Amino acid sequence: MAPLVDPFGRLITYVRVSVTDRCDMRCVYCMSEDMNFLPKRDLLSLEELDRLCTAFIGRGVHKLRITGGEPLVRRNIMSLFRRLSRHLESGALSELTLTTNGSQLAPHAAELAAIGVRRLNVSLDTLDPVKFRAITRWGDHAQVMAGVDAAQQAGISVKINMVALKGVNDFEIAPMLKWAHGRGLDLTLIEVMPLGAIDAERVDQYLPLSLVEARLADHFTLLPVDYKTGGPARYVRIKETGGRLGFITPLTHNFCEGCNRVRVTCTGTLYMCLGQEDAADLRAPLRASQSDALLHEALEAAIARKPKGHDFVIERTGATPAVSRHMSVTGG
Ligand code: SAM
Ligand code: SF4
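So, how was this worked out
Residues numbered from 1 in each chain as written. Chains lettered and ligands numbered in written order. Predicted model: local features only at pLDDT ≥ 70, side-chain atom pairs only at ≥ 80, totals over all residues. Heavy atoms only, no water. Helix = DSSP H or I, 4+ residues; strand = E, 2+ residues; numbered from the N terminus. Rg over C-alpha atoms; globule rule 2.2 N^0.38 Å. Contact = heavy atoms within 4.5 Å. Areas by Shrake-Rupley, 256 points an atom, 1.4 Å probe, with all protein chains shown as cover. Core = buried A, V, L, I, M, F, W, Y, C linked by side-chain atoms within 4.5 Å. Buried < 20%, exposed > 50% of the residue type's maximum accessible area, 1.4 Å probe, protein only. Pairing = 2+ DSSP bridges. Axes fitted to C-alpha atoms, helices over the stretch in contact; angles between N-to-C directions. Right-handed = clockwise from strand over helix to strand, strands pointing away. Polar contact = N/O pair within 3.5 Å; in protein donor to acceptor, adjacent residues only side chain to side chain. Near = heavy atom within 4 Å. Nonpolar A, V, L, I, M, F, W, Y, C, P; charged D, E, K, R; others polar. Parallel < 35°, antiparallel > 145°, perpendicular 65-115°, else oblique. Left-handed = near helix turned anticlockwise from the far one by under 90°.

Within the protein chain, the secondary structure is distributed over eleven helices and twelve strands. Relative to the compact-globule value of 20 Å for 332 residues, the protein chain shows a C-alpha radius of gyration of 19 Å, a close match. For the protein chain, the C-alpha atoms occupy an extent of roughly 55 × 45 × 40 Å along the three principal directions. Taking the intrachain contacts of the protein chain between residues at least 6 apart in sequence as the baseline, contacts between residues at least 24 apart amount to 73%. When the accessible surface of the protein chain is totalled, it reaches about 13,800 Å², and 53% of it is carbon and sulfur.

Dropping the structure here:
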């Protein structure tokens, strides 16, 4: 079938699928402590998620990221990975990956590797267990470390995602860099995005990565590299460590131009842009018939509405977030 191309000529080759909005942590920038999660009946079944992913793959999507919420807390999630691995075997999919908080990674790492997961992202904002608990509210640092160890032992490349938080981990970025590169892990820094209501003020959390980069340049040599993973990060190589450092800077530097991605929530809602409200329901066409004809029609109609970009701004207005849904709904 014809590939999915948006009105700006961007080919859609990368889909992120949030398989649950639930999580065993409550990171302060992501969720409020007291979250209302979706009723289970609203969720797509694992079979439906497989059908949906397969439809995208049939349209030229070759990279799939499973995310959430915390993907590894969804019951029986490994059966979805197992099913999807047939697309790796056929060559239709070049990469099957996930973003995880790492809490449940240790017991799953070996199987993920066996299925064909070659790389994954673990979110880790600090190396200090006490601070880790404060940021994640419910997380256990040692469990995440065990997850990283297990993934590496299984031969999976791990990239650490660190959200830069003003007044919280500003001065841990250099130590994190040394730790990650010392262990052969890539590190990507992320700016806080105004997604969903939380208990804190975003403007108090927001640390522009332009500032971080300037501070790092006082201690390290940042060499630009032409490395791309299909995601929005811009990478440099750190001469002193030899490792790679990525910057995801939706606020200081708009990353929309080369956007090849769409996101699907666990209820089958397709968001054509992380930073816009417009969405398309894929669950109804998926459930309306066993054939995928309606689903493909819905996909084409949705991609034809993919916007040029987001318009995130973080202002001290006490205003509502740019986008009302949380990152845990759309999937990071
Ligand atoms: N639970 C998994 C995890 O934490 O890796 C996967 C989902 S989480 C929503 C995906 C990524 O989004 C994480 O790296 C997290 O740090 C990031 N994230 C969550 N809320 C964010 C926000 N408001 N701004 C920027 N990044 C955010
Ligand atoms: Fe959970 Fe990930 Fe959100 Fe943290 S960032 S609360 S681990 S979904």
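Once you've had a look at it, read on.
Taken as a class, soluble globular proteins show a tendency for nonpolar side chains to be buried jointly. The biggest cluster of nonpolar side chains holds 94 residues, and the ones touching the most others in it are Phe56, Phe81 and Leu270. Looking at this core element by element, the count peaks at seven residues for helix 1 (residues 46-58). The residues contacting Leu270, other than those within four sequence positions of it, are Phe56, Val262, Arg263, Val264, Asp278, Ala279, Ala280, Leu282, Leu299 and Ala302.

Turning our eyes to something else, we now look at the sheet that holds strand 9 (residues 244-248). With mixed pairing, twelve strands are arranged side by side in an open sheet as 7-8-9-6-5-4-3-2-1-10-11-12. Here the strands that pair on one side only, and so sit at the sheet edges, are strand 7 (222-224) and strand 12 (279-281). For this sheet the average axis-to-axis angle between neighbouring strands, irrespective of direction, equals 25°. Here strand 3 (residues 95-100) pairs with strand 4 (residues 119-123) via two bridges, running parallel. Looking across to strand 4, one finds that Thr99 is bridged to Asn121. Where helix 6 (residues 173-182) meets the sheet, it contacts strand 5 (157-164), strand 6 (186-191), strand 8 (234-238) and strand 9, and its direction lies at approximately 150° from that of strand 6.

Here we come to the pairing of strand 6. Within strand 6, six of the six residues are buried, which leaves the element mostly enclosed by the surrounding structure. Alternating positions in strand 6 separate into two faces, Asp186, Thr188 and Ile190 on one and Leu187, Leu189 and Glu191 on the other, with burial throughout. Where strand 5 and strand 6 come together, six bridges link them in parallel fashion. Residue pairing in the sheet places Met162 in a bridge with Leu189 of strand 6. As for the winding sense of the linkage, the β-α-β connection from strand 5 through helix 6 to strand 6 is right-handed. As paired strands, strand 6 and strand 9 are joined by four bridges and run parallel to one another. In the sheet register, Leu189 faces strand 9, and the bridge partner there is Phe247.

Our next topic: unusual backbone geometry. Non-glycine residue Asn76 carries a positive phi angle of around 65°. Mapped onto the elements of the fold, Asn76 is located in the loop between strand 2 (63-67) and helix 2 (77-90). For Arg137, which is not glycine, the phi torsion reads 60° and is therefore positive. Looking at where Arg137 falls in the secondary structure, it is placed in the loop between helix 4 (129-136) and helix 5 (141-153). Look at Arg137 and you get buried, because its relative accessible area is 18%.

With that settled, the discussion passes to the side chain of Arg137. Of the polar contacts made by the side chain of Arg137, one reaches the backbone oxygen of Met31; its length is 3.1 Å. Contacts of Arg137, omitting those with residues within four sequence positions, involve Arg26, Cys27, Val28, Met31, Ser32, Glu33, Phe132 and Asp199.

Attention now goes to the site of ligand 1. Looking at ligand 1, there are 19 residues lining it, with Tyr29, Gly69, Thr100, Ser123 and Met193 nearest. At a separation of 3.0 Å, an oxygen atom of ligand 1 approaches a polar side-chain atom of Tyr29. A distance of 3.0 Å separates a nitrogen atom of ligand 1 from a polar backbone atom of Gly69. Protein chains shield 96% of the accessible area of ligand 1, which is 550 Å² for the free molecule. Elements with a contribution of two residues or more to the shell around ligand 1: strand 3, strand 5 and strand 6. The class makeup of the residues in the shell around ligand 1 is seven nonpolar, nine polar and three charged.

On to helix 6. Looking at helix 6, one finds that the buried residues are Ile173, Met176, Leu177, Trp179, Ala180 and His181. Tucked inside the fold, the buried residues of helix 6 contact helix 5, strand 5, strand 6, helix 8 (209-216), strand 8 and strand 9. Positive phi appears at Gly184, one or two residues downstream of helix 6, with a value of about 75°.

Those residues of helix 2 not exposed but buried are Ile77, Met78, Ser79, Leu80, Phe81, Leu84, Ser85, His87 and Leu88. Where helix 2 is buried, its residues contact helix 1, strand 2, strand 3 and helix 3 (105-115). In the segment just after helix 2, Gly91 is the residue with positive phi, at about 90°.

At their nearest, the axes of helix 2 and helix 3 sit 9 Å apart, and the two run at 20° to each other. It follows that helix 2 is roughly parallel to helix 3 by the angle criterion. Along this stretch, helix 2 crosses helix 3, giving a crossing that reads as right-handed. Between helix 2, through Met78, Phe81, Arg82, Ser85 and Leu88, and helix 3, the contact on the second element is made entirely by His108, Glu111, Leu112 and Ile115. Among the residues making up the contact of helix 2 with helix 3, the classes are represented as five nonpolar, two polar and two charged.

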